Amino acid sequence: MSLRSRKFFDVLQHHPKSVLNSSRFRLPCPPYHTSDYWDRLYKDMDSEDIHEWFGFDLQTGLLNFQYERLFHYKDGSIRDVDKEEVHSTTFAECMEIDQLSTPEEAIEVYKENQNNNFNESILLLGCGNSKFGEQLMINSFVGPVIQLDVSSKMIQLMTQRYQKYLDEASVIRMDFIADDAKGLTSLSPTSIGGGVVDKGLIDTFHCSTGMIEDTDNTNPVRQIVDSVHRTLQPSRPFIFFSRSGKSEFVLFG
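Notes on the structure follow. (Residues numbered from 1 in each chain as written. Predicted model: local features only at pLDDT ≥ 70, side-chain atom pairs only at ≥ 80, totals over all residues. Heavy atoms only, no water.)

## Details of the packing of aromatic side chains
Taken as a whole and judged by the stated rule, the model has seven aromatic pairs. Centroid distance Trp38 to Tyr42: 6.1 Å. Interplanar angle 25°. Geometry classified as stacked. Of this pair, Trp38 and Tyr42 both sit in helix α2 (residues 35-42), four residues apart, roughly one helical turn. With a relative accessible area of 9%, Trp38 lands in the buried category. A relative accessible area of 2% means that Tyr42 is categorised as buried. Judged by centre distance (5.6 Å) and plane angle (85°), the rings of Phe91 and Phe141 are edge-to-face. (Phe/Tyr/Trp six-rings, centres within 6.5 Å; stacked < 30°, edge-to-face > 60°. Helix = DSSP H or I, 4+ residues; strand = E, 2+ residues; numbered from the N terminus. Buried < 20%, exposed > 50% of the residue type's maximum accessible area, 1.4 Å probe, protein only.)

The structure is reproduced here in structure tokens:
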């Protein structure tokens, strides 16, 4: 099933009057947990194709946003701990990283950080062909930005998309890695000094968990969290976005 077809059925299934809301009509879940599935999905795309999971990106929904603080209790209930108070913040404040005035200023700070052995690297899990990483550069985040996906086909396409930038940049602040988020074997421990962002990966694993044989008593979502914890520097954030009824994000510090 193509991305457009899957998006159509996802929207239809979440519509309150849709017959697909009934469990009797649930669509079978694709094998999201396999790299082969994603390679097949992306095989007919080219480097300029873009699909934003959840329909929002840094530019349209995250640079500045409002939120309510919710607390999840062990009994499964969810309560608003601030009595429905709405907060305003920015992506930079939430991640506790610098957003500078211009991309040129960000490049200069990046060079200084290299000399001081300091980094504000941002890891994008399951990057797909989103423009999120590019928007981080345009909006003057220091980086570097590490875009990671289990599909080697997608990493090839993303590298092609940004080849001109990679060839002409005075410093390279963007990297592309084909790796499994459940292991992150390509990254060294505590190598990520800015934070980790996931926009849909954990959701897809949650959907496909029932298809995975849990022979070694490990949960793929737990494996992702453990891998992220290993690669993050102490106290750095891990943010993931979930489409559970309505779009929401969860922050681990």
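## Concerning the pattern of salt bridges
Proximity of charged atoms lets side chains of opposite charge pair with each other. By the definition in use, this model includes seven salt bridges. The closest approach of N and O atoms between Glu96 and Arg236, which form a salt bridge, is 3.6 Å. Placement of the pair is Glu96 in the loop between α4 (91-95) and α5 (103-115) and Arg236 in the loop between α10 (220-231) and β9 (238-244), with a sequence separation of 140 residues. You can call Glu96 exposed: its relative accessible area is 57%. A salt bridge links Glu108 to Lys111; its shortest N-O distance comes to 3.7 Å. Placement of the pair is Glu108 and Lys111 together in helix α5, with a separation of three residues, close to one helical turn. The exposure class of Glu108 is partly exposed, given its relative accessible area of 42%. (Salt bridge = Lys/Arg side-chain N within 4 Å of Asp/Glu carboxyl O.)

## Looking at unusual backbone geometry
Omega for the bond connecting Gly143 with Pro144 falls within 30 degrees of zero, at 10°, which places this linkage in the cis form. Considering the arrangement of structural elements, one finds Pro144 in the loop between α6 (132-138) and β6 (145-149). Even without being glycine, Glu96 reaches a positive phi, approximately 60°. With a phi angle near 50°, Leu184 is a residue other than glycine that sits in the positive phi range.

Everything listed is a geometric property; what it means functionally is a separate question.
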